[in-house]
2 protein chains.
Amino acid sequence: MSTAKRYSNLDLVDRVDGFPNAATHPVAFAERTAEFARFTYLSHTIGYIIPRVRAALEDVALSGDWWEITPGAVSVKGGTVEERTANISETLKRWREAKRFDVLSGWRNEMYTIYAPQGKPCFHMERSATPLFGVLTYGSHMTVYVPASATRPLRIWVPRRAAGKSTYPSMLDNTVAGGMGDGQTPLGCIIKEAGEEASLEESYVSANVRSAGFVSYFYVREPDAGGESGLLQPEIEYVYDMAVGEPDGEGPVPVPCDGEVAEHMLLTVEEVKEQLARGRFKPNCAAVMLDFFIRHGILDAENEPDFVEIYTRLHRRMEFPTR
Amino acid sequence: MSTAKRYSNLDLVDRVDGFPNAATHPVAFAERTAEFARFTYLSHTIGYIIPRVRAALEDVALSGDWWEITPGAVSVKGGTVEERTANISETLKRWREAKRFDVLSGWRNEMYTIYAPQGKPCFHMERSATPLFGVLTYGSHMTVYVPASATRPLRIWVPRRAAGKSTYPSMLDNTVAGGMGDGQTPLGCIIKEAGEEASLEESYVSANVRSAGFVSYFYVREPDAGGESGLLQPEIEYVYDMAVGEPDGEGPVPVPCDGEVAEHMLLTVEEVKEQLARGRFKPNCAAVMLDFFIRHGILDAENEPDFVEIYTRLHRRMEFPTR
């Protein structure tokens, strides 16, 4: 008998959405946010800054006039997107040289857009630094599946991440997933990643992919995420489905091609549920699987006691401006 | 040229989810809830009571020992579900006899369950009275549609409500929809309503219906809802899809049978969009249509500027205990 921890579906949601909710847990929310400085743009909260990042900002403010720091709030100086972006980049350059934060050792050379109200860009920021500022970021995840037929049940293409990855090594993933960098759209992002991660042809994906909403959650980073634990990572992940044929028939077979994926497996729903219960999925990929299960009638009000809490928390309303 | 109001999809969400959100609009939320007494069970908020209902409770408290009324909170007395239910029923009986509230003239003789934490019943309450207490209620809505084929686009079966209905007369509805009374499950509710509202056979619906999540929202009642305006009606509506064949082929044809529905029409997505934009759908049925559009890839991040706000607000996290 294994004594390993078993995760309920609600446990999986708690894992990816660990930050208190202002509506349901007002006291916990107030206590938690009281520890942080708000990261503001004009009067809007665009992120949360934990004490050790605030301390690092106070240190860097000795070297340049880049930050406005008050007891409860921090904002980046600059009257334009470009100026704000430059001030952040200068700060990150110094932190990286000083090895101030482990999370910056995963430097990606990939810029993310952080938004002001009305969906206007506020500034751009190196991807690996976003959890230091608790700002909202975006990605796209696609579930490629073989629909049920008269003789075979529905199955899902599930990749195992490479053992050498710095983040969530060897964990299970969604068929295709990627962060949405500057200039990308959600659909463009998933089509590009489908080629890079799974060797799926752009024309095939464009013709067969279907948008199916998104999941949104407020993640508090665990050690598996790489870098410091406890960093704040609110995310919106656009969700896509793609139904394909049998791999021994006309269906495409995902093939690893960039070293990020060890192998792609075609798993039944029962097999995916078992891997979810063992905690083997990357936390936000578990969220996408649960959303898929709910949209496809696999989890419903009759068989999942925490149905309402799970589905509302997977569509968390963010207090930050969005794109 | 018509000068009638056109509704954006976000306008439709505003219409059904008009109550401020604690996370995104903390000041508006605090100001709005400060007007109300909290309806509490032990230390939990299970609803909100507006001033004129509170005044009516203070009046009725002169006749019997049914309510605990403090400046900021109201609770119903009684140590058991049965005692609390009886105290509420006595109160409603007096209000109804005195014609104290218009909304009670729509008396349904149908009991709804209001929940305490951990999904335990707290008490039962006549359906028409629930908006007086701002308590959370449940229903089930099903979209019956003919999937796209090589020669025809996807179409949706849309009923028009009878002109004589007291609530939302002549407005457009979801194919099948009903409130979830005591002892019903979400699936049982939709199967029963499918027979009563659309003459769809139970065995056929059981075999073909598919659970697809729910929509949740905090509705502030408009005049069309019947009874007083401004009453509070937070709801969770379980959502079901059912794909059927062509009506000139093997598909079933919904037929009105209880006088609640004037006719069933088979509309294209463009026709449904037009009726939504004209504000012709009952507000919560518009929410279910938007959710259907998002899950089916008809509305997506590329064609709907308010995609994130719409989809998160259609899955609002409630501050009340749920079933």
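So, how was this worked out
- Residues numbered from 1 in each chain as written.
- Chains lettered and ligands numbered in written order.
- Predicted model: local features only at pLDDT ≥ 70, side-chain atom pairs only at ≥ 80, totals over all residues.
- Heavy atoms only, no water.
- Salt bridge = Lys/Arg side-chain N within 4 Å of Asp/Glu carboxyl O.
- Helix = DSSP H or I, 4+ residues; strand = E, 2+ residues; numbered from the N terminus.
- Buried < 20%, exposed > 50% of the residue type's maximum accessible area, 1.4 Å probe, protein only.
- Axes fitted to C-alpha atoms, helices over the stretch in contact; angles between N-to-C directions.
- Parallel < 35°, antiparallel > 145°, perpendicular 65-115°, else oblique.
- Left-handed = near helix turned anticlockwise from the far one by under 90°.
- Contact = heavy atoms within 4.5 Å.
- Nonpolar A, V, L, I, M, F, W, Y, C, P; charged D, E, K, R; others polar.
- Buried area = accessible area lost by both parts, 1.4 Å probe.
- Polar contact = N/O pair within 3.5 Å; in protein donor to acceptor, adjacent residues only side chain to side chain.
- Pairing = 2+ DSSP bridges.
- Domains from an automatic or database assignment.

Chain A is annotated in an unreviewed UniProt entry as Nudix hydrolase domain-containing protein from Drechslerella dactyloides.

Turning to the pattern of salt bridges, a few remarks are in order. Once their charged atoms are close, side chains differing in charge can pair, the charge on each being opposite to the other. Within the structure shown, the criterion is met by 47 salt bridges over all chains. A salt bridge links Asp-65 of chain A to Lys-77 of chain A; the nearest nitrogen and oxygen atoms lie 2.6 Å apart. You can see Asp-65 of chain A sitting in the loop between α3 (51-60) and β3 (67-69) and its partner Lys-77 of chain A sitting in the loop between β4 (73-76) and α4 (81-97), a full 12 residues away along the chain. Classification of Lys-77 of chain A as partly exposed rests on a relative accessible area of 27%. Ionic pairing is found between Glu-274 of chain B and Arg-6 of chain B, a salt bridge with its closest N-O pair at 2.7 Å. Here Arg-6 of chain B lies in the segment before α1 (9-16) and Glu-274 of chain B lies in helix α8 (residues 269-277), a separation of 268 residues in the sequence.

Residue and element names in this part refer to chain B. Remark: α8 packs on helix α9 (residues 283-295), axes separated minimally by 11 Å, with the N-to-C direction vectors making an angle of 140°. With respect to α9, the axis of α8 lies oblique. Of the two possible hands of crossing, α8 and α9 adopt the one that is left-handed. On the side of α8, the interface is formed by Val-269, Val-272, Lys-273 and Leu-276, while α9 contributes Ala-286, Met-289, Leu-290 and Phe-293. Considered class by class, the residues forming the contact of α8 with α9 number 7 nonpolar, no polar and 1 charged.

Below, the discussion takes up the interface of chain B and chain A. Tallying the contact residues gives 37 residues for chain B and 37 residues for chain A. Counting each side, the surface lost to burial between chain B and chain A is near 3200 Å², with a carbon and sulfur contribution of 61%. Along the contact surface separating chain B from chain A lie 2 salt bridges. The shortest N-O distance in the salt bridge between Arg-317 of chain B and Glu-309 of chain A comes to 3.5 Å. Remark: the boundary between chain B and chain A carries 7 residue pairs in polar contact (both at pLDDT 80 or more).

All names here are of chain B. The sheet built from 4 strands is open, its strands ordered β2-β1-β4-β3 with mixed pairing. A single partner strand is all that each edge strand has here, and the edge strands are β2 (44-49) and β3 (67-69). Across the sheet, the axes of successive neighbouring strands diverge by a mean angle of 30°, strand direction being ignored. Strand direction decides the pairing type here: strand β1 (residues 37-41) and β2, joined by 5 bridges, are antiparallel. Pairing of Tyr-41 across the sheet is with His-44, part of β2.

All names here are of chain A. Its domain assignment divides chain A into domain 1 (19-133) and domain 2 (137-313). For domain 1 versus domain 2, the distance between C-alpha centres works out to 29 Å. On the side of domain 2, 16 residues touch domain 1, which itself brings 20 residues to the contact. In total, domain 1 and domain 2 occlude about 1600 Å² of area from one another, counting both sides; carbon and sulfur atoms represent 61% of this. Of all residues in domain 1, Phe-19, Tyr-112 and Pro-131 give up the largest surface area on contact with domain 2, accounting jointly for 34% of the area buried on that side. If you look at where domain 1 meets domain 2, you find 0 salt bridges. Those elements that provide at least two residues to the side of domain 1 that touches domain 2 are β5 (111-115) and α5 (130-133). The element that contributes the greatest number of residues to the side of domain 1 that touches domain 2 is β5, accounting for 4 residues. Its residues placed into classes, the side of domain 1 that touches domain 2 shows 11 nonpolar, 3 polar and 6 charged.

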